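Architecture and fold: a report
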Amino acid sequence: MSRADWNALLPNHEAIVSMPTEKLEAAATAADGYGMNIGFGIAAIGNLLAGTAQNEDHGLDPDAIADLGWLLESLGKLSAKLADTGSGIAIERKRRNTKRED
């Protein structure tokens with residue numbers, strides 16, 4: 001059995017190349033939007049962590065920190081995969097535009 005990976009959920013190169021233009025545009029918008037949201041979310045988590053760590057009245061629960069670490073690892077990998085998918089889409093869009101101009 002293969003290990004779970006974000007690539008299983010995102011379109012691969014062959015799927016990107018075979019997408020109709022409308023779907024390709026929608027996928028590009030989704031990759032950009034979700035990628036930005038994940039980045040802002042990770043930044044917000046970092047802000048909350050820093051504020052909590054400096055709060056002398058309430059400590060940090062080690063189990064919650066471990067869970068948060070796993071979440072951030074997963075979100076970081078998803079963010080990278082979305083960026084990779086977005087790059088693949090940009091390459092395909094450029095290829096199609098160049099083909100139209102010829």
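Note that residues are indexed from 1 along each chain, following the sequence as it is written. This being a predicted model, a pLDDT of at least 70 is required before a residue's local features are given, and a value of 80 or more before pairs of side-chain atoms are given or counted; all residues contribute to the totals for chains, interfaces and linings. Water and hydrogen atoms were dropped before computing side-chain values, which therefore reflect all heavy atoms in the structure.

1. Topic: the confidence of the model for the protein chain
The pLDDT averaged across the protein chain works out to 87; a share of 97% of its residues lies at or above 70. Predicted confidence in the protein chain is weakest over helix 2 (residues 21–53), with a mean pLDDT of 89, and strongest over helix 1 (residues 13–18), with 93. Confidence scores labelled pLDDT are given residue by residue by the predictor and lie between 0 and 100. Secondary structure elements are defined from DSSP: runs of H or I of at least 4 residues count as helices, runs of E of at least 2 residues count as strands, and each element is numbered from the N terminus.

2. Some details on the packing of helix 2 against helix 3 (residues 62–101)
To obtain each axis, a line is fitted to C-alpha atoms, and for helices this fit is confined to the stretch in contact; angles are then taken between N-to-C directions over 0 to 180 degrees. Orientation of helix 2 relative to helix 3, taken along the N-to-C sense of each, is 150°, at an axis distance of 9 Å. Here helix 3 runs roughly antiparallel to helix 2, going by the angle between their axes. Between helix 2 and helix 3 lies a crossing whose hand is left-handed. Lys, Arg, Asp and Glu make up the charged group, whereas Ala, Val, Leu, Ile, Met, Phe, Trp, Tyr, Cys and Pro make up the nonpolar group; the residues left over, Gly among them, are polar. In the contact of helix 2 with helix 3, the residues fall into 17 nonpolar, five polar and four charged. In these notes the angle categories are as follows: under 35 degrees is roughly parallel, over 145 is roughly antiparallel, 65 to 115 is roughly perpendicular, and the rest is oblique. Working rule for handedness: look at the near helix, and if it is turned counterclockwise from the far one by less than a right angle, call the crossing left-handed; if clockwise, right-handed.

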